[in-house]
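The primary structure of each chain is shown beneath.
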Amino acid sequence: MAAAPGRRRPTALLCAALCLGAALAVDRSNFKTCEQSGFCRRQRGLSPGQSPYRALLESLQLGPDAARIQLINEATKVPLLLELWGLQGNMTRIRIKELNPLRPRFEVPDVLVAEPPVERLAVTGRDEGSLELSLGPAGHRLLVTEKPFRMDLLQGRELLCSVNARGLLFFEHLRQRRDSFSDKLSSSVGSLWDKIKTLFHRDTPREPTAEEGAAAEGQEEAAGGTEEAGDQSEKPTEATAEAAEEPGSWEETFKTHTDTKPNGPTSVGLDFSLPGFEHVYGIPEHAESLRLRTTEGGDPYRLYNLDVFQYELYNPMALYGSVPLLLAHSARRTLGIFWLNAAETWVDISSNTAGKTLFGKLLDYMQGGGETPQTDVRWMSESGVIDVFLLLGPAPAAVMGQYAALTGTQALPPLFALGYHQSRWNYNDEEDVAAVERGFEEHAVPCDVLWLDIEHADGKRYFTWDPSKFPRPRAMLEQLAAKKRKMVSIVDPHIKVDSGYRVHTELRSRGFYVKTKDGSDYEGWCWPGSAAYPDFTNPEMRAWWASMFAYDQYEGSTETLFTWNDMNEPSVFSGPEVTMHKDAVHYGGWEHRDVHNLYGLYVQMATAEGQIQRSGGQHRPFVLSRAFFAGSQRYGAVWTGDNTAEWEHLKISIPMCLSFGLAGLAFCGADVGGFFKNPDAELLVRWYQAGAFQPFFRAHAHMDTARREPWLFGEDNVALIRGAVRLRYALLPFWYTAFYHSHRHGVPIMRPLWMEFPEDTTTFAIDDQYLIDRALLVHPVTEQGARGVQVYLPGKGEVWYDTVSYQKHHAPQTLYVPVTMSSVPLFQRGGTVVPRQERVRRSTECMQGDPFTLYVALSPQGTAEGDLFLDDGKSFDYETKARFLHRQFTFAGNTLTASSADPRGSFDTPVWLERVVILGAGKPGAVVLRPANGSETRLDFQHEAEPPVLTVRKPGVRMGDDWAIILR
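These numbers were taken from a predicted model, which means no experiment stands behind them.

Visitor: What am I meant to see in the overall build of the chain here?
Guide: Along the backbone of the chain there are 21 helices and 51 strands. Looking at the chain residue by residue over its 968 residues, the buried ones come to 63%. Counting contacts in the chain only where the partners sit at least 6 residues apart, residues at least 24 apart contribute 72% of the total. Here the chain displays about 33,400 Å² of accessible surface, and carbon together with sulfur accounts for 50% of that area.

Visitor: Is there a simple way to think about the pairing of strand β22 (residues 449–452) in this case?
Guide: Strand residues, when the strand is regular, have side chains that alternate between the two faces of the sheet. By the alternation rule, side chains of β22 split into Val-449 and Trp-451 and Leu-450 and Leu-452, which are all buried. Pairing of strand β21 (residues 420–422) with β22 involves two bridges; the strand directions are parallel. In the strand pairing of β22, Gln-422 is matched with Leu-450. Taking the sense of rotation as the criterion, the β-α-β connection linking β21, helix α10 (residues 430–442) and β22 turns out right-handed. Each parallel crossover has a hand, and the one from β22 via helix α11 (residues 473–482) to strand β23 (residues 486–490) is right-handed.

Visitor: Please clarify how helix α18 (residues 715–730) should be interpreted in this entry.
Guide: Residues spaced three or four apart along an α-helix face the same direction, because each turn holds 3.6 residues. For α18, spanning 16 residues, the distance from its first C-alpha to its last is 22 Å, which sits close to the expected 22 Å at 1.5 Å a residue. Within the sequence span of α18, burial applies to Asn-717, Val-718, Ile-721, Arg-722, Ala-724, Val-725, Arg-728, Tyr-729 and Ala-730. Those residues of α18 that are buried lie in contact with β21, α17 (681–691), β32 (697–699), α19 (732–745) and β41 (832–836).

Visitor: Can you walk me through the side chain of Arg-54 in this structure?
Guide: With respect to the helices, strands and loops of the structure, Arg-54 is situated in strand β1 (residues 53–62). Residue Arg-54 is classed as buried on the basis of its relative accessible area, which comes to 5%. Of the polar contacts made by the side chain of Arg-54, one reaches the side chain of Glu-74; its length is 2.5 Å.

Visitor: Sorry, what's going on with unusual backbone geometry here?
Guide: The phi angle of most residues is negative, glycine excepted, and most peptide bonds adopt the trans form. Following Gly-393, the chain continues to Pro-394 via a peptide bond in cis, the omega torsion being 10°. You can see Pro-394 is positioned in the loop between β20 (386–391) and α9 (396–407). Cis geometry is adopted by the peptide bond preceding Pro-947, which originates at Glu-946 and carries an omega value of -10°. As for its position among the elements, Pro-947 is in the loop between β49 (941–944) and β50 (949–953). Notably, Asn-164 is not glycine yet its phi reads approximately 65°, a positive angle. Secondary-structure assignment places Asn-164 in the loop between β9 (158–163) and β10 (170–171). Even without being glycine, Lys-255 reaches a positive phi, approximately 55°. Among the structural elements, Lys-255 can be located in the loop between β11 (251–254) and β12 (257–260).

Visitor: Looking at this structure, I do not really get the confidence of the model for the chain. What am I missing?
Guide: Detailed conclusions should not be drawn from predicted coordinates in areas where pLDDT is low. In this model, the chain carries an average pLDDT of 91, and 89% of its residues clear a pLDDT of 70 or more. Counting interchain partners and residues more than four positions distant, the pLDDT-below-50 stretch residues 4–23 has 48 contacts. In this model, residues 355–361 is a region of pLDDT below 50 whose contacts with residues beyond four sequence positions or in other chains number 16 contacts.

Visitor: Teacher, can you tell me more about the sheet that holds strand β34 (residues 770–772) here?
Guide: Each strand in a sheet pairs with its neighbour through backbone hydrogen bonds, running either in the same direction (parallel) or in the opposite one (antiparallel). Taken in spatial order, the six strands of this open sheet run β33-β34-β35-β40-β37-β38, and their pairing is antiparallel. Both edges of this open sheet fall to β33 (750–751) and β38 (808–810), since each of them pairs with a single strand only. Here strand β37 (residues 799–802) runs beside β38; their pairing, made up of three bridges, is antiparallel. Bridged to Val-799 within β38 is His-810.

Visitor: I'm lost on the environment of His-810 in this one. Help?
Guide: Summarising the element assignment, His-810 is placed in strand β38. Counting along the chain gives 20 residues from His-810 to Gly-830, while the straight-line C-alpha distance between them is 9.5 Å. Those residues in contact with His-810, other than ones at most four positions away along the chain, are Glu-798 and Val-799.

Visitor: Is there a simple way to think about the packing of α18 against α19 in this case?
Guide: The angle between the axes and the distance between the axes are what describe a pair of packed helices. Packing of α18 against α19 brings their axes to within 5 Å, and their N-to-C directions diverge by 55°. Judged by the angle between their axes, α18 and α19 are oblique. Note on element contacts: α19 touches α18 through Leu-732, Pro-733 and Trp-735, opposite Arg-728, Tyr-729 and Ala-730. Across the contact of α18 with α19, the residue classes break down as five nonpolar, no polar and one charged.

Visitor: Looking at this model, I keep getting lost on the nonpolar core. Mind explaining?
Guide: What tends to happen in soluble globular proteins is that the nonpolar side chains get buried as a cluster. By size, the foremost hydrophobic cluster in this structure holds 176 residues, and its most contacted members are Phe-338, Trp-545 and Phe-622. With nine residues, the top contributor of residues to this core is helix α16 (residues 647–662). When near neighbours in sequence (up to four residues on either side) are disregarded, Phe-338 contacts Val-111, Leu-112, Pro-324, Leu-325, Asp-387, Val-388, Phe-389, Tyr-403, Leu-406, Thr-407 and Ala-630. Core analysis: the second largest hydrophobic core is formed by 49 residues, Ile-69, Met-151, Leu-326 and Leu-390 among them.

Visitor: What is the right way to look at the pattern of salt bridges in this model?
Guide: Pairing is possible between side chains of opposite charge, provided their charged atoms come close. Scanning all chains against the criterion turns up 74 salt bridges. A salt bridge links Asp-376 to Arg-166; the nearest nitrogen and oxygen atoms lie 3.9 Å apart. Taken together, the positions of Asp-376 in strand β19 (residues 371–381) and Arg-166 in the loop between β9 and β10 put the pair 210 residues apart, joining distant regions of the chain. With a relative accessible area of 2%, Asp-376 lands in the buried category. The class of Arg-166 is partly exposed, set by a relative accessible area of 25%. Salt-bridge contacts for Arg-302 lead to Glu-577; the nearest nitrogen and oxygen are separated by 2.7 Å. Here Arg-302, found in strand β15 (residues 301–303), pairs with Glu-577, found in the loop between β27 (561–565) and α14 (592–595); they are 275 residues apart in sequence, far enough to count as distant.

Visitor: What should I look at first to understand the state of the cysteines in this one?
Guide: Here a disulfide denotes one covalent bond, and it connects the sulfur atoms of two cysteines. Considering all chains together, one arrives at two disulfides under this definition. Each disulfide pairs two cysteine sulfurs, and for Cys-34 the partner residue is Cys-40, the sulfurs being separated by 2.0 Å. On the sign convention where negative means left-handed, the S-S torsion of about -100° between Cys-34 and Cys-40 marks this disulfide as left-handed. Both residues of the pair, Cys-34 and Cys-40, count as buried. A sulfur-sulfur separation of 2.2 Å characterises the disulfide bridge that pairs Cys-657 with Cys-668. As the torsion about the S-S bond is roughly -75°, the Cys-657-Cys-668 disulfide counts as left-handed. Taken together, the residues span a long stretch of sequence, with Cys-657 in helix α16 and Cys-668 in strand β30 (residues 668–669) at a distance of 11 residues. Residue Cys-657 shares its accessibility class with Cys-668, and that shared class is buried.

Conventions used here
- Residues numbered from 1 in each chain as written.
- Predicted model: local features only at pLDDT ≥ 70, side-chain atom pairs only at ≥ 80, totals over all residues.
- Heavy atoms only, no water.
- Helix = DSSP H or I, 4+ residues; strand = E, 2+ residues; numbered from the N terminus.
- Buried < 20%, exposed > 50% of the residue type's maximum accessible area, 1.4 Å probe, protein only.
- Contact = heavy atoms within 4.5 Å.
- Areas by Shrake-Rupley, 256 points an atom, 1.4 Å probe, with all protein chains shown as cover.
- Pairing = 2+ DSSP bridges.
- Right-handed = clockwise from strand over helix to strand, strands pointing away.
- Expected span 1.5 Å × (residues − 1).
- Polar contact = N/O pair within 3.5 Å; in protein donor to acceptor, adjacent residues only side chain to side chain.
- pLDDT = per-residue confidence, 0-100.
- Axes fitted to C-alpha atoms, helices over the stretch in contact; angles between N-to-C directions.
- Parallel < 35°, antiparallel > 145°, perpendicular 65-115°, else oblique.
- Nonpolar A, V, L, I, M, F, W, Y, C, P; charged D, E, K, R; others polar.
- Core = buried A, V, L, I, M, F, W, Y, C linked by side-chain atoms within 4.5 Å.
- Salt bridge = Lys/Arg side-chain N within 4 Å of Asp/Glu carboxyl O.
- Disulfide = S-S within 2.5 Å.

What follows is the structure, given as structure tokens:
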């Protein structure tokens, strides 16, 4: 939850520090614009077409794994090192860093799952002013132009991407601070002078000449400097030459907070031009449409994890998480740019027209005549190095797989986590929890998990329980477990400063807190009052944190208690932009500015590891995190944060989760009903219906809202909510199998239409409907008072079946679908098989032995295929012991066959096939079951003529066996 009105404040100082009014709206003045962010202002102040960088092609070093070329800034004479890799799997890596830095620059650890395997590079062309490299067997070539430095990536004659084509490479090198007057003072008065200097430093300094700037750097000129370069350096027009003295370079004040910058200006920026692309996506988290807008005339999209109170919609402001992955898609191909940098980052997007006449040799590579659309993308980060991966597809699923190969796939969650979650800030006590649990029983609404927010802990001391409200936590958990239900409790990363609190005293004694620039423990204000912040970048601290989830450390916990990490941006109510000061110091001496966007990932990582360790490495964890970064998908679920009970927030949840999925975060959802404000019955019902078709399905609400358990809105509405939740549970085998696909291949579970229909331009901007895996298309109703929705059915020559009426519709077409309050427009794709369990019970665990129904939707060719993944739903045995079943179902030639999709797995389960429903099938004379032994048994069936549906009753075969059902 955000810093919000209504939460109990520990002191008046906390309330004042928050500076949040009673009005339910974001206070934009609490958060920087690009103009208020010094490095963004400097980067954006650079004009296109004036690049001072030259590639010293004669410095090429071609090794077995990489090519290295020096770059020179001809204004400052500062050399950079360009490193190039061709990576297996159709990827290219580009890294630019200082050749001789004064001190190390931060390079992001722990995000890549491994160093990606490389292809052998070769020089395939060279002449005056250019160099051509072959990047591997896929036919990709990189043309490096000397002056001004640029790179063009080609496949055959097709130009895929140009780098620095607009000349916006901007690398602020490390330097000594220019302050000649202070250098003349003796060290004995240095401390006094520091104080005086602070007062005068805000005055506009004199501007040095470029020659002075170059001398002050103390860096050697790279080999190959020319007289022409010297002439250019005399013109003080390049921002790099003057950045050290620009206001905000060495110290920056925002509102009441001053950011000291002992390393000075260290930002990096680079532009990419994408000819042939008009549609770009990704870079979550923003409350934005799926297709990203151009940022010309406004702020860039910002990536900087922040606790934003009741965020606004359709703007580029930063929110709780950041994944610096941008996808570009056209009817011809999909391409990705992964910018591996954890500092504050801004992304500019502009639309352009790419002429067919490019520099030099590119004339020979371009196809035809005329003009093509182009999108230009510019990345700007406050510190670190330039480390970027170009994911070359060409298909959408290939780009997803390439990104997954770098950062990992979605963790396979325990099965219960795919059920329905009931949360509130806060359930008051053990009696309240028991009453809510009984409500689900009495009203026959399935539910797997009840949640406890911050009030459950003793004075917001995490890893504890309030002794008066929750005096018997173990007994409470055991009572829930007896009903096959689980609990999630919140554990936030701000630790109450209290000498009587064991968690705090251990962290302090071990030196595990983040430090201030002066070396003391960093403290700020958050829910407990004065709080300190564990340094999750420290692997020893993470190991200690993980140990705290052991049953003998987290008193009252059991194996059915799981974890919610909130406020882990980190949120600091008294800090700049409600987060940690950038000059705070982490493990290894790195500033917070370097690692900021990694903090939430590390919190979730350590918490997930703690849950794994407490089970002896046996059981899969479940951890929900609000903050995230690239790679967070390996550790659990995320959600869209503190939304509002408004129709527009219901609508935006769809493109937000679609964007999350494109960035690898497949386990996404939104607070059903909205966190702030009170939904009316119509909005609440529609939100349940939408939430049931998002991967993470949780209702949550602010403490100042009215109670909104499903049964509190009258019998008609609870029946509608019950129907939505029961449909979710009936489809759990399909959902679980979709999660397995995501876990194995990196594909989103909830995916935009263009992923499956990449050549259909109509789909490129659609974000009010989507696919679940590849088989189901859903269009949630998100308009108040709606009586119908327009559904686009994609796929030339394909068919879709309404899952309620079984009516067949030919694609492509836009279909008007009338709706009532019970309607959730849902279509099954012809040519697919969807498994269901239709004996819905109170929880997922209660259904694990229940029989299955297969829904077979025939293609126009009379074929279909699908699969089913089964295991114990909780352990790592599927991975470590191959204890799983992955079954393949194929319908062709009037025969449905079941076979193994992965013969490596085996899993003994009694689950069996209760029914087969074949959509689009004619009436057979007989239906015969043929098991693996070759015997044949006639089966009962029923056929409906219009629309044609064949239902085969009780085949009775085990889901793990091979068999065939034949229509004669």
